[in-house]
Amino acid sequence: MLYELHNLFGISILKYITFRAGLAFFIAFLLSVYCMPVFIRWAKAKKASQPISDSIKAHANKKDTPTMGGLVFVSSAIVSSLITAKLNNPYVQIGLICLVAFMLIGARDDYMKISAKSNAGMSSKTKFLFLSLIAIVVSFLLYRAGLNTDFYIPILKKPLLELSDFSSLMIIFWVIVFLATTNAVNVTDGLDGLATIPSICALASLSVFMYVGGNFEMSKYLLWPHIVDSGEVMVLSLAMIGALFGFLWYNCHPAQVFMGDSGSLSLGGFIAYCAIVSKNEILLILMGSIFVIETISVILQIGSYRLRHKKIFLMAPIHHHFEVKGWAENKIIVRFWIIAILSNIIALITLKIR
């Protein structure tokens, strides 16, 4: 919308991605901060709170906390993006589809949990089917939009594998990235604000890479793959970061609202989308280090119990392990945030190392 004002009235500042991304951040932040308390009051009146597991006694006081806050911050990011982004950009269009689709899957799961007053929600098979379907559709749309299918890893100047003749392999890989990231963020969302800051850090890093990749001169100088028009996704990413800061205002400990699957699945899907568009599928492991650690802890716990009938951790995911050990919730959250920040600083440093 604002970009069109540049064409109509010659307001040159509106053509710059960085300026519109900044506007997107603040518009989404203000929308999120303003709408969240309205949603919290409505959710409390409707008793829209997710049942809390009784396995951790310290969580007993969270049983009446509203969930589905993801609907608010994702919607705030979408509205902000519609105002500030260049809407005829294919990567912006696919990014918006990605956000909406994953949010709706999560919202359905949240609604089923609230209705049944159970943590079960959708069956794992049903959820996996829906997530796979959206991942396949978005990956195919990216391929049709002309996204580079070469496989890159950090530090190397050239692609490790040139897969232009084997694009189906890259599409399958993208689907795996979507599924892994959505589930990883979903697993991490277990303490107040725990998933929020690592998501902000990952999106901030990916925004830098997308801006560089979309700029011919900068990508040439830094020897980073140039993806035409991809820089515009930075506007969506900054909108999501702004909305997340607005959400964190109410989600910091003690949380007044949870993001629910509507937030975590949408966040995971969009982080994966930004990583794919910026050719950072592998570096995402470092950017999303907390998500990786949380997921691996679950895999190790399940694997160990099935093979040896013994647990590695007192409880999984690993943030619950530290809770059972007696760590204060705030201590766990802040230390995990520190790890996320340091990991993303390292990831950004790799941009200069070739």
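Just so it is clear, the model here is predicted, and its values are computed rather than measured. (Residues numbered from 1 in each chain as written. Predicted model: local features only at pLDDT ≥ 70, side-chain atom pairs only at ≥ 80, totals over all residues. Heavy atoms only, no water.)

**Topic: the side chain of Asn280**
Okay, step 1: Inspection of the secondary structure puts Asn280 in the loop between α10 (260-277) and α11 (284-287).
Okay, step 2: Excluding its chain neighbours within four sequence positions, the residues that come into contact with Asn280 are Leu206, Phe209, Trp224, Ala275 and Met287. (Helix = DSSP H or I, 4+ residues; strand = E, 2+ residues; numbered from the N terminus. Contact = heavy atoms within 4.5 Å.)

**Some details on the packing of aromatic side chains**
Okay, step 1: Under the defined criterion, the tally for this structure stands at 10 aromatic pairs.
Okay, step 2: Judged by centre distance (5.9 Å) and plane angle (25°), the ring pair of Phe102 and Phe178 falls under stacked. Of this pair, Phe102 sits in helix α4 (residues 90-116) while Phe178 sits in helix α6 (residues 167-188), and the two are 76 residues apart along the sequence.
Okay, step 3: Aromatic pair Phe322 and Trp327: ring centres 4.4 Å apart, planes at 25°, arrangement stacked.
Okay, step 4: Residue Phe322 is classed as buried on the basis of its relative accessible area, which comes to 17%.
Okay, step 5: By relative accessible area, which is 28% here, Trp327 ends up partly exposed.
Okay, step 6: Through a chain of ring-to-ring contacts, three or more aromatic side chains come together here, namely Phe25, Phe26 and Phe245. (Phe/Tyr/Trp six-rings, centres within 6.5 Å; stacked < 30°, edge-to-face > 60°. Buried < 20%, exposed > 50% of the residue type's maximum accessible area, 1.4 Å probe, protein only.)

**Examining the pattern of salt bridges**
Okay, step 1: For the coordinates displayed, the defined rule picks out six salt bridges.
Okay, step 2: For Lys113, the salt bridge is made with Asp261, and the minimal N-O distance between the two is 3.5 Å. Within this pair, whereas Lys113 is found in helix α4, its partner Asp261 is found in helix α10, the two being separated by 148 residues in sequence. Each of the two residues, Lys113 as well as Asp261, counts as buried. (Salt bridge = Lys/Arg side-chain N within 4 Å of Asp/Glu carboxyl O.)

**Some words on the packing of α6 against α10**
Okay, step 1: For the pair α6 and α10, the least separation of the axes is 8 Å and the interaxial angle reads 140°. The orientation of α6 with respect to α10, classified from their angle, is oblique. The interaxial crossing formed by α6 with α10 has right-handed handedness. Contacts between α6 and α10 involve Trp174, Val177, Phe178, Thr181, Thr182, Val185 and Asn186 on the former and, on the latter, Asp261, Ser264, Leu265, Leu267, Gly268, Gly269, Ile271, Ala272, Tyr273 and Ile276.
Okay, step 2: Its residues placed into classes, the contact of α6 with α10 shows 10 nonpolar, six polar and one charged. (Axes fitted to C-alpha atoms, helices over the stretch in contact; angles between N-to-C directions. Parallel < 35°, antiparallel > 145°, perpendicular 65-115°, else oblique. Left-handed = near helix turned anticlockwise from the far one by under 90°. Nonpolar A, V, L, I, M, F, W, Y, C, P; charged D, E, K, R; others polar.)

**Points about the environment of Lys47**
Okay, step 1: With respect to the secondary-structure elements, Lys47 resides in the loop between α2 (17-45) and α3 (70-84).
Okay, step 2: Along the sequence, Lys47 and Asp64 sit 17 residues apart, while their C-alpha atoms lie 7.6 Å from each other.

**A few points about the state of the cysteines**
Okay, step 1: Taken as a whole and assessed by the stated rule, the structure comprises zero disulfides.
Okay, step 2: Free of any disulfide, Cys252 has its nearest neighbouring cysteine sulfur in Cys201, separated by 16 Å.
Okay, step 3: Residue classification places Cys252 among the partly exposed positions, given a relative accessible area of 33%.
Okay, step 4: Cys274 takes part in no disulfide bond, and the closest cysteine sulfur, belonging to Cys98, lies 8.1 Å away.
Okay, step 5: Residue Cys274 is classed as buried on the basis of its relative accessible area, which comes to 0%. (Disulfide = S-S within 2.5 Å.)

Function-wise, these values are silent; they only describe arrangement.
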